[in-house]
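Chain and residue survey
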Amino acid sequence: MEIHFVTHNSSKYEEASSIAKEYNLLIRWYDHEYEEPQEDSLEIIARKSCSRVIQEKPELKTLNFFLEDAGMFIEALDGFPGPYSSYVFKTISNDGILKLMEGKENRRAYFKSVIAFHNGKSIETFAGITKGSIILSTIGDKGFGFDPIFKPEDNEQTFAEMTLATKNLYSHRQKSLRILFTSLTAFAKQ
Ligand code: IMP
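Keep in mind it's a predicted model, so treat the numbers as computed, not measured. (Residues numbered from 1 in each chain as written. Predicted model: local features only at pLDDT ≥ 70, side-chain atom pairs only at ≥ 80, totals over all residues. Heavy atoms only, no water.)

**A look at the nonpolar core**
In this structure, I27, F66, L180 and F181 are the most contacted members of the largest nonpolar core, which totals 17 residues. Going through the elements one at a time, β1 (3-7), α1 (10-22), β4 (108-119) and α6 (172-189) are the ones with two or more residues in this core. The residues contacting F181, other than those within four sequence positions of it, are A16, I19, A20, Y23, L25, I27 and F66. (Core = buried A, V, L, I, M, F, W, Y, C linked by side-chain atoms within 4.5 Å. Buried < 20%, exposed > 50% of the residue type's maximum accessible area, 1.4 Å probe, protein only. Helix = DSSP H or I, 4+ residues; strand = E, 2+ residues; numbered from the N terminus. Contact = heavy atoms within 4.5 Å.)

**Some remarks on helix α4 (residues 93-100)**
All of the buried residues along α4 are N94, G96, I97 and L98. Buried-residue contacts for α4 involve β3 (64-74), α3 (85-91) and β5 (123-134).

**Examining helix α2 (residues 42-56)**
Taking 1.5 Å per residue, 15 residues should reach 21 Å; α2 reaches 20 Å between its end C-alpha atoms and fits that length. All of the buried residues along α2 are L42, I45, A46, S49, C50, V53 and I54. In this structure, the buried residues of α2 make contact with β1, β3, β4 and β5. By the N-cap criterion, in which a side-chain oxygen at the helix start approaches the backbone nitrogen of a residue two or three places on, α2 is capped by S41, the distance to E43 being 3.2 Å. (Expected span 1.5 Å × (residues − 1). Polar contact = N/O pair within 3.5 Å; in protein donor to acceptor, adjacent residues only side chain to side chain.)

**Considering the site of the ligand**
Residues in close proximity to the ligand total 16 residues, the closest being K12, E36, A70, D147 and R173. A distance of 2.5 Å is found between an oxygen atom of the ligand and a side-chain nitrogen or oxygen belonging to E36. Calculation on the ligand without its partners gives an accessible area of 470 Å², and the protein chains cover 92% of this total. Looking at the shell around the ligand, the elements with two or more residues in it are β3, α3 and α6. (Near = heavy atom within 4 Å. Areas by Shrake-Rupley, 256 points an atom, 1.4 Å probe, with all protein chains shown as cover.)

**Here we look at the pattern of salt bridges**
Oppositely charged side chains are able to pair whenever their charged atoms sit close together. Tallying each qualifying case throughout the model produces ten salt bridges. Ionic pairing is found between K112 and E43, a salt bridge with its closest N-O pair at 3.2 Å. Of this pair, K112 sits in strand β4 while E43 sits in helix α2; the two residues are 69 residues apart in sequence, bridging distant segments of the chain. Given a relative accessible area of 17%, K112 falls into the buried group. Of the charged contacts, one joins D147 and K167 as a salt bridge, the two residues approaching to 3.1 Å between their closest N and O atoms. Linking D147 in the loop between β5 and β6 (150-152) with K167 in helix α5 (residues 164-170), this pair joins segments that are 20 residues apart in sequence. (Salt bridge = Lys/Arg side-chain N within 4 Å of Asp/Glu carboxyl O.)

**Digging into a nonpolar patch on the surface**
Together, F80, Y84, I92 and L100 line one region of the surface with nonpolar side chains, adding up to about 310 Å² of accessible area. Tracing the backbone shows Y84 in the loop between β3 and α3. Here Y84 falls in the partly exposed class, since its relative accessible area comes to 34%. (Patch = residues over 30% accessible without salt bridge, like charges linked within 9 Å, V, L, I, M, F, W, Y side chains within 5 Å.)

**A short note on the environment of N168**
Its place among the elements puts N168 in helix α5. Spatially, the C-alpha atoms of N168 and I19 are 7.4 Å apart, while their sequence positions differ by 149 residues.

**Remarks on the packing of aromatic side chains**
The geometry of two aromatic rings is summed up by the distance between their centres and the angle between their planes. In the structure shown here, the tally under the stated rule is nine aromatic pairs. The interplanar angle of 5 degrees and the centroid separation of 4.9 Å between the aromatic rings of F73 and Y110 together place this pair among those described as stacked. With F73 in strand β3 and Y110 in strand β4, this pair connects stretches of sequence that are 37 residues apart. You can call F73 buried: its relative accessible area is 14%. Between the aromatic rings of F150 and F159, the centroid separation amounts to 5.2 Å while the plane-to-plane angle is 45 degrees, which identifies the pairing as tilted. An identical accessibility class is assigned to F150 and F159; each is buried. Here K167 stacks its cationic end above the ring of F159, 5.2 Å away from the centre of that ring. (Phe/Tyr/Trp six-rings, centres within 6.5 Å; stacked < 30°, edge-to-face > 60°. Lys NZ or Arg CZ within 6 Å of the ring centre and 35° of its normal.)

Below, the structure is given as structure tokens:
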């Protein structure tokens, strides 16, 4: 089965491609940058993005493809930036988040990943969550986005200190991807 991952983010593709190999699946990188609809649920953003990319790239209509939308939800900020993570990262980035968190004792946060998979006919969504905390200053130079300020629960390293293989043991994205890949391999065996 040929599966395409529609994303402009090469790091997301590398994470997904490495996990897909564990399932004997080969995923192809469909490099396309699309504008995300502004909604307050990642599921709705992912579904609407699927419809948007099909409009922009009509060849996708008959292909098996998925895309992914993620967000970081900070408890002390009532879930901010959540579905607005992309905009917030582009505008205030990690330093801006650390400023907003100055003086906050509750550092708890979680990442959520939602995959929307289009099987040529309909769209299904799969979600994964990883709990952790926002540290006091950036640490690490690997990964992307908020990786240098997020430390998953029961771990000494931020995502940005982890190798790709280690991030793939803990991340929100590996959880949603594993649900998708498990369902695809089960389907292929039928
Ligand atoms: P996106 O809309 O799914 O690309 O992600 C929203 C924002 O969260 C972007 O600024 C990403 O850089 C950031 N983000 C998404 N996934 C991760 C991750 O695994 N680690 C750190 N930041 C992430």
